[in-house]
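# Geometric and topological summary
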Amino acid sequence: MKNIILIGMMGCGKSTIGRMLAERISYQYIDMDTYLENKYHSTIPELFSVSELYFRDKETECCKDMGHTDNKIISTGGGVILREENMLYLKNNGLVFFIDRPVEMIINELNTDHRPLLKDGVFKLYDLEKERRSLYEKYADFIIRNDQLLIDVRDKIISLYGKSEGANHESGR
Ligand SMILES: Nc1ncnc2c1ncn2[C@@H]1O[C@H](COP(=O)(O)OP(=O)(O)O)[C@@H](O)[C@H]1O
Ligand SMILES: O=C(O)C1=C[C@@H](OP(=O)(O)O)[C@@H](O)[C@H](O)C1
Ligand SMILES: [Mg+2]
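Residues numbered from 1 in each chain as written. Chains lettered and ligands numbered in written order. Predicted model: local features only at pLDDT ≥ 70, side-chain atom pairs only at ≥ 80, totals over all residues. Heavy atoms only, no water.

In plain terms, the rule: UniProt positions are given in the numbering used here, feature names are shortened, and annotations may be inferred rather than shown by experiment.
Labelled according to an unreviewed UniProt entry, the chain appears under the name Shikimate kinase, originating from Eggerthia catenaformis OT 569 = DSM 20559. What the UniProt record of the chain gives under Catalytic activity (unreviewed entry) is the line "shikimate + ATP = 3-phosphoshikimate + ADP + H(+)". Per UniProt, the comment on the chain under Pathway (unreviewed entry) is "Metabolic intermediate biosynthesis; chorismate biosynthesis; chorismate from D-erythrose 4-phosphate and phosphoenolpyruvate: step 5/7."

## A few points about the confidence of the model for the chain
Formally: The quantity known as pLDDT measures the predictor's confidence residue by residue, on a range of 0 to 100.
Confidence in the prediction for the chain averages 95 pLDDT; 97% of positions are at 70 or higher. Model confidence for the complex: the whole-complex pTM is 0.96, and ipTM, which rates the interface, is 0.98.

## A short note on the site of ligand 1
Definition in use: Residues are labelled near a given molecule or strand when at least one of their non-hydrogen atoms is within 4 Å of it. Identification of polar contacts relies on pairs of N or O atoms within 3.5 Å, with a donor-acceptor requirement for protein atoms, meaning one able to donate a hydrogen and the other able to accept it, and with residues adjacent in sequence counted only if both atoms are side-chain atoms. Note on areas: Shrake-Rupley, 1.4 Å probe, and residue coverage restricted to the protein chains presented here. Here a cavity denotes a set of grid points, spaced 1 Å apart and computed over the protein atoms alone, in which a 1.4 Å probe fits but from which it cannot get out, and a pocket denotes an open set meeting protein on both sides within 12 Å along at least five of seven lines; residues with an atom within 4 Å of a point are reported as lining. Any molecule with more than half of its atoms within 2 Å of a cavity's or pocket's grid points is counted as sitting in it. Side-chain classes are defined by residue name, with Ala, Val, Leu, Ile, Met, Phe, Trp, Tyr, Cys and Pro counting as nonpolar, Asp, Glu, Lys and Arg as charged, and the others, Gly among them, as polar.
Lining the immediate surroundings of ligand 1 are 14 residues, of which G11, T16, R115, N146 and Q148 lie closest. A distance of 3.4 Å is found between a nitrogen atom of ligand 1 and a side-chain nitrogen or oxygen belonging to R101. The side chain of R115 places a nitrogen or oxygen atom 2.7 Å from an oxygen atom of ligand 1. Surface burial for ligand 1 is 78%, taken as the share of its 570 Å² of free accessible area covered by protein chains. Put simply, ligand 1 lies in the largest pocket. Tallied by class, residues from the shell around ligand 1 come to four nonpolar, six polar and four charged.

## Looking at the pattern of salt bridges
Where charged atoms from two side chains of opposite charge approach closely, those side chains can pair. The condition is simple: Salt bridges are counted wherever a side-chain nitrogen of Lys or Arg sits within 4 Å of a carboxyl oxygen of Asp or Glu. Three exposure classes are used, based on accessible area relative to the maximum for each residue type with a 1.4 Å probe and protein chains only: buried under 20%, partly exposed in between, and exposed over 50%. Helix numbering and strand numbering both begin at the N terminus, where a helix is a DSSP run of H or I of at least 4 residues and a strand a DSSP run of E of at least 2.
By the definition in use, this model includes 13 salt bridges. Residues R101 and E109 are paired through a salt bridge, measuring 3.8 Å at the closest nitrogen-oxygen approach. We classify E109 as exposed; its relative accessible area is 60%. Between E137 and R133 there is a salt bridge, with its nearest N and O atoms 3.3 Å apart. Remark: R133 and E137 occur in helix 7 (residues 124-139); sequence separation between them is four residues, near one turn of the helix. Look at R133 and you get partly exposed, because its relative accessible area is 24%. Salt bridges sharing common partners tie together D100, E129, R133, E137, R145 and D147.

What follows is the structure in structure tokens.
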């Protein structure tokens, strides 16, 4: 069965929802930010302190690794959509869910300590959303609005995934 890939803005709930999904359907969970930190023995702020390009190159290597897996729940970092190559790896064996949470809601909840792109304040999120929304939409197999209870978001994803994978199974794909 394909991986479930979660994309969306920083703080939209990818990591939280990813963990909830994995628990519910007993898939292994991979948070790509954590995977990357372990692979390169460095924190995200440390990698960014070299340069954003340096971090993005490492992120692409991790996407390549994910392309060889299946039956996983994978939460990505918010900038994964910036390179088409990343998304080709992830979509190779994954269904992509765009977790669409209004920026006003994100701002109320977000911890910025480990998010170098927000060092000048959470309001940078509005600019990032302007740059990125069309890319999230472009790569999404499904768009899930996250302005409701987290368990309802989780269950919607499970239902769409089950239908999609069930249909593929019946058609012999
Ligand atoms: N529907 C929701 N209801 C309540 N809190 C939410 C909801 N969606 C996201 N959050 C909260 O937003 C914060 C950021 O979520 P996180 O999973 O770290 O996002 P991401 O991995 O996308 O950056 C967390 O504290 C999470 O619990
Ligand atoms: O949006 C981005 O460019 C980033 C998002 C972060 O992940 P989250 O989306 O989990 O915060 C992390 O990968 C890095 O700080 C860059
Ligand atoms: Mg996260």
